[in-house]
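Close look at the chain arrangement
So the chains spell out like this:
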Amino acid sequence: MERSRNLNIGDIHEDGVIFLWVTGRAMELARDCFRVWGYRRIEEIIWVKTNQLQRIIRTGRTGHWINHSKEHCLVGIKGNPKLNRNLDCDVIVSEVRETSRKPDEIYNLIERMFPNCLKLELFGRPHNVHDNWITCGNQLDGVRLCSEELCRRYNTMFPNSKVEPWRKEQEAIVPVSMSGG
């Protein structure tokens, strides 16, 4: 718990918004982190988890006392950021995928609220990399920067580790192996 509070998230920007996924048990810790980091909670988005048949998950691996069919994404604000308001609903109904993977709909929601600016995702995984996002995490396989400007800055700062702009479509390209015959 103390490690979460000490992340210095509040130092990232003066005017901005944070979206923090939490389970029911961690709500108080999340609210305390918001306070320590300098954010004020303004909204909460609920992800209703469904199965492949689009039915609500009633059994699962989450929950201490009762199975959880939802997750909370707390939204906090700091300063006076520019954003589009009242564009979306506070409920996402989406299928559960691999462990800890959040619904893709959250990225679309955030993009609509904050178009034309960079976003930062902490503790990201390879499937979290998106245009207009900086994704950091110890499960990423190297540096993936989508922005040409960020690549230029990165290559200036780390001249021995040159990177090229990464595009999500690159993952879809699978080389065809040549077979004899």
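Just so it is clear, the structure is predicted and the values come from calculations on it, not from any experiment.

A word on the sheet that holds strand S2 (residues 40-50)
Hydrogen bonds between backbone atoms are what pair the strands of a sheet, whose relative direction is either parallel or antiparallel. Sheet architecture is open: 4 strands sit in the order S1-S3-S2-S4, paired in mixed fashion. Two strands in the sheet have a free side with no partner beyond their single neighbour: strand S1 (16-22) and strand S4 (91-95). Ignoring which end each strand starts from, the neighbouring axes of this sheet average 25° apart. Looking at chain direction, S2 and S4 are connected through 5 bridges and run parallel. Pairing of tryptophan 47 across the sheet is with isoleucine 92, part of S4. Helix-sheet contacts for helix H2 (residues 27-37) involve S1, S2 and strand S3 (70-78), and the interaxial angle to S3 is about 15°.

Considerations on the nonpolar core
In this structure, Val17, Phe19, Ile45, Ile106, Leu109, Ile110 and Phe114 are the most contacted members of the largest nonpolar core, which totals 15 residues. Mapped by element, the contributors of at least two residues to this core are S1, S2, S3 and helix H3 (105-113). The biggest single contributor to this core is H3, with 5 residues.

Let's talk about the pattern of salt bridges
The final tally for this structure, using the stated rule, is 11 salt bridges. Between lysine 102 and glutamate 71 there is a salt bridge, with the nearest N and O atoms lying 2.8 Å from each other. Placement of lysine 102 in the loop between S4 and H3 and of glutamate 71 in strand S3 is noted, with a sequence separation of 31 residues between them. The class for glutamate 71 is buried, based on a relative accessible area of 9%. Salt-bridge contacts for glutamate 111 lead to lysine 119; the nearest nitrogen and oxygen are separated by 3.1 Å. Note on lysine 119: relative accessible area 8%, which makes it buried. Residues participating in the shared-partner salt-bridge network are Arg5, Asp32 and Arg35.

Re the pairing of S1
Most of S1 is tucked away: 5 of the 7 residues are buried. The pairing of S1 with S3 spans 7 bridges and is antiparallel. In the strand pairing of S3, glycine 16 is matched with lysine 78.

Section: unusual backbone geometry
Negative phi characterises most residues that are not glycine, and trans characterises most peptide bonds. Despite not being glycine, asparagine 86 shows a phi value in the positive range, around 55°. Inspection of the secondary structure assignment puts asparagine 86 in the loop between S3 and S4. Overall, the relative accessible area of 79% leaves asparagine 86 in the exposed class.

Section: H2
Along H2, the positions that sit buried rather than exposed are Met27, Leu29, Ala30, Asp32, Cys33, Phe34 and Trp37. Turning to H2, the residues buried within the fold contact helix H1 (2-5), S1, S2 and S3. Phi turns positive, to about 90°, at glycine 38, one or two residues after H2.

Basis of the calculations
- Position numbers for residues start from 1 in each chain and track the written sequence from start to end.
- Per-residue local features of the predicted model are confined to residues with pLDDT of at least 70, and side-chain atom pairs are confined, for both listing and counting, to 80 or more; whole-chain, interface and lining totals are unaffected and use all residues.
- Heavy atoms from the whole structure form the basis of all side-chain values; hydrogens and water molecules are not counted.
- Here, strands pair whenever DSSP counts at least two bridges between them.
- Strands here mean DSSP runs of E at least two residues long; helices mean DSSP runs of H or I at least four residues long; both are numbered from the N terminus.
- Convention adopted: a line fitted to C-alpha atoms gives each axis, helices being fitted over their contacting stretch, and angles between N-to-C directions are expressed from 0 to 180 degrees.
- In this description, contact between two residues means that some pair of their heavy atoms is separated by no more than 4.5 Å.
- As used in this record, nonpolar core signifies buried Ala, Val, Leu, Ile, Met, Phe, Trp, Tyr and Cys residues forming a set joined through side-chain atoms within 4.5 Å.
- Accessibility here uses a 1.4 Å probe with only protein chains present; expressed as a share of the type maximum, an area under 20% marks a residue as buried, one over 50% as exposed, and anything in between as partly exposed.
- One side-chain nitrogen of Lys or Arg within 4 Å of one carboxyl oxygen of Asp or Glu is enough to make a salt bridge.

In short, shape yes, function no, at least from these values alone.
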